[in-house]
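# Structural characterization, general
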Amino acid sequence: MILNKETAKKTAELLLQIKAIKLEPQEPFTWASGWKSPIYCDNRIIFSYPMIRNYVRENFAKQIEDKYGKPDVIAAVATGAIGIGMLVAEYLSLPFAYVRPEPKGHGRQNQIEGNLEEGQTVVVIEDLISTGNSSLNAVKALKEAGANVKGMFAIFTYGFDTSVKNFENLDIELHTLSDYE
């Protein structure tokens, strides 16, 4: 759900301006979900543009505080959201953690990296939502670790019915800066 239509329009304009949104109808992109699509949104490009990354960071922070107050922890979905999640946590002066798709195969074998204590309130940051599967995998890991997940914020969603149902099934609120249905 988009919380602010003006922010949504401005975010879309900025993503188009820096060519983060690519259109290739003749040679569709393969998404992490395995789906093929003529459109691809590469939010990592945001990091090369200080004004735009600050815009995204500050809008996430404002919307998080407006919606949930200050959580105990900002957690990001690895790997695409680690950068923006860290920026948001820093801006809000909050601890930061990130969630891998699965536990690491070596070392301490963590799935969640960073300090997270049972019962802490967490807002999850994601860069992009297509099916929502990888995002919700991170939410499940956080809940299994005892976190109280308030909701998720993403830069962009395609608004597929599949993702809407997946978020509803897990009872997680999704808020995005922009969308493309």
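Up top you'll find the structure we're talking about.
As a starting point, this report considers the structure included with it. (Residues numbered from 1 in each chain as written. Predicted model: local features only at pLDDT ≥ 70, side-chain atom pairs only at ≥ 80, totals over all residues. Heavy atoms only, no water.)

## Quick word on unusual backbone geometry
A negative phi angle characterises most non-glycine residues, just as the trans form characterises most peptide bonds. The amide bond that connects Ala 78 to the next residue, Thr 79, takes the cis arrangement and shows omega of -5 degrees. With respect to the element layout, Thr 79 can be found in the loop between β5 (73–77) and α3 (82–91). Unusually for a residue other than glycine, Lys 19 sits at a positive phi of about 60 degrees. When you line up the elements, Lys 19 lands in the loop between α1 (5–17) and β1 (21–23). Owing to a relative accessible area of 54%, Lys 19 belongs among the exposed residues under this scheme. Phi is positive for Asp 171, which is not a glycine, with a value near 55 degrees. Mapping Asp 171 onto the fold places it in the loop between α5 (161–169) and β10 (174–179). Residue classification places Asp 171 among the exposed positions, given a relative accessible area of 68%. (Helix = DSSP H or I, 4+ residues; strand = E, 2+ residues; numbered from the N terminus. Buried < 20%, exposed > 50% of the residue type's maximum accessible area, 1.4 Å probe, protein only.)

## Remarks on the side chain of Thr 121
Here Thr 121 lies in strand β8 (residues 121–129). On the basis of relative accessible area, Thr 121 is assigned to the buried category, the value being 16%. Setting aside chain neighbours within four positions, we find Thr 121 in contact with Pro 71, Asp 72, Val 73, Asn 148 and Lys 150. (Contact = heavy atoms within 4.5 Å.)

## Structural notes on the pattern of salt bridges
Applying the stated criterion across every chain, the model contains 4 salt bridges. A salt bridge links Arg 100 to Glu 113; its shortest N-O distance comes to 3.2 Å. Residue Arg 100 is found in the loop between β6 (96–99) and β7 (112–113), and its partner Glu 113 is found in strand β7; the two are separated by 13 residues along the sequence. Among the residues examined, Glu 113 registers a relative accessible area of 13% and is labelled buried. (Salt bridge = Lys/Arg side-chain N within 4 Å of Asp/Glu carboxyl O.)

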